[in-house]
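Now for the letters of each chain:
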Amino acid sequence: MDYRALYENKDFGIIKFDEKLKNYTNFGIGGSADVLVEVKEEYQLVDLLKFNMENGIESTILGNGTNILVTDKGIRGCVIIISKNYDRISLDGNLLKVSAGSLLSKASKFSFKNSLTGMEEVSGIPGSVGGAVAMNAGAYGVEMKDIIKSVRLISKDGEILEYDNKDMDFSYRHSRVFDDDLIVSEAIFELKKDNQEKIYEKFDDFTNRRVSKQPLDKKSAGSTFKRPLGSYASKLIDECGLRGYKRGDCQVSEKHCGFLINNGHASCEEMINFIEEVSSIVFEKTGFKLEREVKIIGER
Ligand SMILES: Cc1cc2nc3c(=O)[nH]c(=O)nc-3n(C[C@H](O)[C@H](O)[C@H](O)COP(=O)(O)OP(=O)(O)OC[C@H]3O[C@@H](n4cnc5c(N)ncnc54)[C@H](O)[C@@H]3O)c2cc1C
């Protein structure tokens, strides 16, 4: 397909062709996208989804790329980036309205500045608000499901939907977004007024805990595995003697065994094999089955 001719002069945002996706993922891994569009406005997103649907082109959504592993062959069709360009924040009393591309850290800082509490625990999660809502991301006992009031979504054929928290079917690192193939456009957080100093103290505490325990300077997708019922992935991996375990550029982090990291030029295939090796060693030695939290996308 002649993508360049097809997308020429279209008002969808920033359009690129054969773009390397490793530059859009925190793992630093992945082949190219046929077309990549960084949308800025909701109307562009709606028009682009409809355009792709009409032309039989698959749309794949990426946020800040902190929970994905893109395959070495890359992604066919159109990758839509909903990240820092799709970034509006406003306040109505204690309701914080945030566009999906806004980083969770930025939305959190905005809430603290306005003396609103509720986001301190999740402020260090490095994803976009859209990615966080889709994944029902959470930290230190707070998940998106605890602070979201409602979500504005778009279906793949461009229909706009408004769902309350209860309609989102939030569960551990999952939401209706994946079941119904929806796109998060905006989220409203319901927060509470509190003393600003107290909020900053909490924020500092959670930031320090994260910085001291996680390899934030390494290429990773955070915790590679979901928390298994009755234990912790990092604890099990450590107990199996895998702290620092390496294969080529793939490694179990020395700092946090739940993080599998790319030390340089690991391919997706190598990382997938490494993830499978670590989980099968854990299963043989402990009986716990580790389920992947990181999403693998692209042509295999
Ligand atoms: C150092 C580090 C620490 C982390 N700590 C945590 C943590 O404490 N808790 C936690 O839960 N996670 C954590 N993560 C994982 C990750 O940050 C979260 O899952 C985050 O919510 C992913 O957001 P993202 O924008 O990066 O999504 P991406 O990685 O870009 O995408 C993840 C999935 O969400 C979908 N998606 C993204 N945006 C949208 C949208 N607008 N609409 C619909 N679907 C969308 C994508 O299609 C993909 O399937 C960590 C990751 C790293 C690298």
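**What to know about the site of the ligand**
In step 1: Lining the immediate environment of the ligand, one finds 37 residues, of which I61, G63, T66, S128 and G138 sit closest.
In step 2: In the environment of the ligand, an oxygen atom lies 2.8 Å from a nitrogen or oxygen atom belonging to the backbone of N64.
In step 3: Compared with its free state, where it exposes 970 Å², the ligand has 94% of that area covered by protein.
In step 4: For the shell around the ligand, the element with the most residues is helix α4 (residues 129-135), which contributes five residues.
In step 5: For the shell around the ligand, the per-class residue count stands at 20 nonpolar, 14 polar and three charged.

**Re helix α3 (residues 104-113)**
Since the α-helix turns once every 3.6 residues, residues separated by three or four places project in the same direction.
In step 1: All buried positions along α3 are accounted for by L104, A107, S108, S111 and F112. Along α3, the residues classed as buried sweep out an arc of 140 degrees about the axis, all on the same side.
In step 2: Directly after α3, the chain includes S115, whose backbone phi takes a positive value near 55 degrees.

**Side note on the pattern of salt bridges**
In step 1: The final tally for this structure, using the stated rule, is 22 salt bridges.
In step 2: E293 is the partner of R173 in a salt bridge, and the nearest nitrogen-oxygen pair spans 3.8 Å. Remark: E293 occurs in the loop between α9 (268-286) and β19 (295-297) and R173 occurs in the loop between β12 (160-164) and α6 (176-179); sequence separation between them is 120 residues.
In step 3: Its relative accessible area of 11% is what places R173 among the buried residues.
In step 4: Taking the relative accessible area as the measure of exposure, E293 reaches 13% and is therefore buried.
In step 5: Salt bridges here are not isolated pairs; linked through shared partners, they connect E143, K145, D146, R173 and E293.

**Quick notes on the sheet that holds strand β6 (residues 89-92)**
What holds strands together in a sheet is hydrogen bonding between their backbones, with the strands either parallel or antiparallel.
In step 1: One open sheet holds the five strands; their spatial order is β6-β7-β13-β11-β12, and the pairing between them is antiparallel. Both outer strands of the open sheet, β6 and β12, are each paired with one neighbouring strand and no more. Within the sheet, the average angular offset between the axes of one strand and its neighbour, ignoring direction, is 20 degrees.
In step 2: Relative to strand β13 (residues 182-190), strand β7 (residues 95-99) runs antiparallel, the two sharing five bridges. Across the sheet, L96 pairs through a bridge with F189, a residue of β13.

**Examining the packing of aromatic side chains**
In step 1: If you walk through the whole model with that rule in mind, you get eight aromatic pairs.
In step 2: Ring centres of Y7 and F51 lie 5.3 Å apart, and the angle between their planes is 65 degrees; on these two criteria the pair is classed as edge-to-face. Here the residue Y7 occupies a position in helix α1 (residues 3-7), and F51 occupies one in helix α2 (residues 42-54), the gap between them amounting to 44 residues.
In step 3: With a relative accessible area of 1%, Y7 lands in the buried category.
In step 4: By relative accessible area, which is 12% here, F51 ends up buried.
In step 5: Ring centres 6.1 Å apart and planes at 70 degrees place the aromatic pair F112 and Y200 in the edge-to-face group. One end of the pair, F112, is in helix α3; the other, Y200, is in helix α7 (residues 196-213), and 88 residues separate them in sequence.
In step 6: Look at F112 and you get buried, because its relative accessible area is 0%.
In step 7: The partly exposed category is assigned to Y200, whose relative accessible area is 35%.

**Description of a negative patch on the surface**
In step 1: Together, D72, E269, E270 and E276 give the surface a local cluster of negative charge.
In step 2: Structurally, E269 can be placed in helix α9.
In step 3: The exposure class assigned to E269 is partly exposed, which follows from its relative accessible area of 39%.

**Side note on the domain arrangement of the protein**
In step 1: In terms of domains, the protein is made up of domain 1 (3-81), domain 2 (89-198) and domain 3 (215-297).
In step 2: Just the C-alpha atoms count here: the centres of domain 1 and domain 3 sit 28 Å apart.
In step 3: Contacts between the two partners involve 14 residues from domain 1, matched on the other side by 20 residues from domain 3.
In step 4: By the criterion of area lost to domain 3, the three top residues of domain 1 are F27, N67 and L69, representing 50% of everything that side buries.
In step 5: For the pair domain 1 and domain 3, the number of links is zero salt bridges.
In step 6: Where domain 1 meets domain 3, there are nine residue pairs in polar contact (both at pLDDT 80 or more).

**As for the sheet that holds strand β3 (residues 59-62)**
In step 1: Across the sheet, which stays open at both edges, the four strands sit in the order β1-β2-β5-β3 with mixed pairing between neighbours. Taken across any chain shown, the strands that pair with only one partner, and hence form the sheet edges, are β1 (14-20) and β3. Neighbour to neighbour, the strand axes of the sheet diverge by 30 degrees on average, direction disregarded.
In step 2: Here four bridges tie β3 to strand β5 (residues 75-81), and the two strands are oriented parallel to one another. Among the inter-strand pairings, S59 is bridged to a residue of β5, identified as C78.
In step 3: α2 contacts β2 (32-38), β3 and β5 of the sheet and is inclined by roughly 165 degrees relative to β5.

Analysis parameters
Residues numbered from 1 in each chain as written. Predicted model: local features only at pLDDT ≥ 70, side-chain atom pairs only at ≥ 80, totals over all residues. Heavy atoms only, no water. Near = heavy atom within 4 Å. Polar contact = N/O pair within 3.5 Å; in protein donor to acceptor, adjacent residues only side chain to side chain. Areas by Shrake-Rupley, 256 points an atom, 1.4 Å probe, with all protein chains shown as cover. Helix = DSSP H or I, 4+ residues; strand = E, 2+ residues; numbered from the N terminus. Nonpolar A, V, L, I, M, F, W, Y, C, P; charged D, E, K, R; others polar. Buried < 20%, exposed > 50% of the residue type's maximum accessible area, 1.4 Å probe, protein only. Arc of directions from axis to C-beta. Salt bridge = Lys/Arg side-chain N within 4 Å of Asp/Glu carboxyl O. Pairing = 2+ DSSP bridges. Axes fitted to C-alpha atoms, helices over the stretch in contact; angles between N-to-C directions. Phe/Tyr/Trp six-rings, centres within 6.5 Å; stacked < 30°, edge-to-face > 60°. Patch = residues over 30% accessible without salt bridge, like charges linked within 9 Å, V, L, I, M, F, W, Y side chains within 5 Å. Lys, Arg positive; Asp, Glu negative; His and termini not counted. Charge placed at Lys NZ, Arg CZ, Asp CG, Glu CD. Domains from an automatic or database assignment. Contact = heavy atoms within 4.5 Å. Buried area = accessible area lost by both parts, 1.4 Å probe.

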